[in-house]
Amino acid sequence: MEESVDETFEKNFGLIKNPMEIKLMGSRGLLTSRTSDEVVEIKQIIFQEISSPKESPVQMLLREFRSAYDSLEIERAYRLAHEIEVLLPQASLSFTEHTQYELCSRKVKNVYAKFQKAMALSRDSKGFHEERLNEVTVVGWRKDPDSFLTLRLDTTIEGDLLPLTTVVKETLLFSQLLSYVNETSVHQYLDRGNRIVVLGMRLPKPVSSRYGFVHCYGINRLHVNDSVFFGACSIEDDLETQQLFNFTIPPPDPNKVLYEITACCAELKQIGSKINVKAYVTIDPDVFYIPGMVVALIARRLGSQIYENLRKHLINYKGSKYEESMLTKYPEDWLWMQEEKERYLMKGTL
């Protein structure tokens, strides 16, 4: 039989003899000279607090983990996952809770590992040739063994981080940024932070076109270092990612050649009224030989294109295909991005 409000209240705080002079001692403080109506209201509030089930330490961590996962704070979610797994053997979770956590934690660990690899590779500056294209743009390139090309870019653009984030996020419009890209299609939209994309690349004739299946992911690092991080890598040989996101690689196209993106990333960081953009890519286009002068030409052209196109799309963002895409295709993502920006600004870190 359930207790009434008065029974629960009296059990915890003693019988109230005079509502006009109610005294509640302890952590709830001292309440004096309350009217009868106020006493009833206070009793209702305390009853709800006493009667509501208390969260276990694991459930509290799970709630924080889910919040971090939904807001794409992958680093925080990764740390929380390790704390949860220490307590998980002794936890009493439902089958649904356990299953949902396992799936989300596997996705977090998968993205976190790719993020760590991309960060480590992008910090390796050995053997790079660098050239300043303008006052704010520096490109670098390196020809690696096994026909791999590594390119990097550091530039600064006037504008706001939120619109630029949507420009970089919109994989279907990559050809608007890079002339080498001649085909993009989303094979699978997984969630706001993950998608599988077919990315086609046009090379000078007589070399045939290249294409690849790429896992594109986003990480919210606003609360880490004031930045947003985008990453991408090929998944043709990545069975873990294919199984995790329930994706099957289609049969090969006989008229095209598969290329491999080992790691590709872009970090966007608001600094005052400007945005610093750092980009990096290591790619194997499956070409037998590429002369050094061609690599240098590609690096210069890509660097110039990225700078000019990002700047152009940011200036002309209002009414653009990028704004239309966010408002019509991903309205929930757009709303979340605005809310996340407000949450970030409220902390006074910008």
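Residues numbered from 1 in each chain as written. Predicted model: local features only at pLDDT ≥ 70, side-chain atom pairs only at ≥ 80, totals over all residues. Heavy atoms only, no water.

Some details on the nonpolar core
Moving on, step 1. If you look at the biggest cluster of nonpolar residues, it comprises 28 residues, and the most contacted ones within it are F65, I84, Y101, F115, Y217, I219 and F229.
Moving on, step 2. In terms of residues, this core owes the most to one element, helix α5 (residues 95–122), which gives eight residues.
Moving on, step 3. When sequence neighbours within four positions are dropped, the list of residues in contact with F115 reads E75, Y217, I219, R221 and F229.
Moving on, step 4. Listed in part, the 26 residues of the second largest apolar core include L173, I275, Y317 and Y330. (Core = buried A, V, L, I, M, F, W, Y, C linked by side-chain atoms within 4.5 Å. Buried < 20%, exposed > 50% of the residue type's maximum accessible area, 1.4 Å probe, protein only. Helix = DSSP H or I, 4+ residues; strand = E, 2+ residues; numbered from the N terminus. Contact = heavy atoms within 4.5 Å.)

Here's the deal with the pattern of salt bridges
Moving on, step 1. Applying the stated criterion across every chain yields a total of 15 salt bridges.
Moving on, step 2. One salt bridge connects R300 with E131, and the closest N-O pair in it is separated by 2.8 Å. One end of the pair, R300, is in helix α9 (residues 292–315); the other, E131, is in strand β1 (residues 129–132), and 169 residues separate them in sequence.
Moving on, step 3. For R300, a relative accessible area of 32% gives the class partly exposed.
Moving on, step 4. Overall, the relative accessible area of 26% leaves E131 in the partly exposed class.
Moving on, step 5. The shortest N-O distance in the salt bridge between D333 and K169 comes to 3.8 Å. A residue pair is termed long-range when its members are at least 10 positions apart, and D333 in helix α11 (residues 331–346) and K169 in helix α6 (residues 161–169) qualify at 164 residues.
Moving on, step 6. Note on D333: relative accessible area 7%, which makes it buried.
Moving on, step 7. A network of salt bridges, in which partner residues are shared, links E73, R76, E340 and R343. (Salt bridge = Lys/Arg side-chain N within 4 Å of Asp/Glu carboxyl O.)

Points about the environment of R192
Moving on, step 1. Relative to the assigned elements, R192 resides in the loop between β4 (181–191) and β5 (194–201).
Moving on, step 2. In the structure, R192 is positioned 120 residues away from L72 in sequence and 8.3 Å away in space, judged by C-alpha atoms.
Moving on, step 3. When near neighbours in sequence (up to four residues on either side) are disregarded, R192 contacts D70, L72, K169, E332, D333 and W336.

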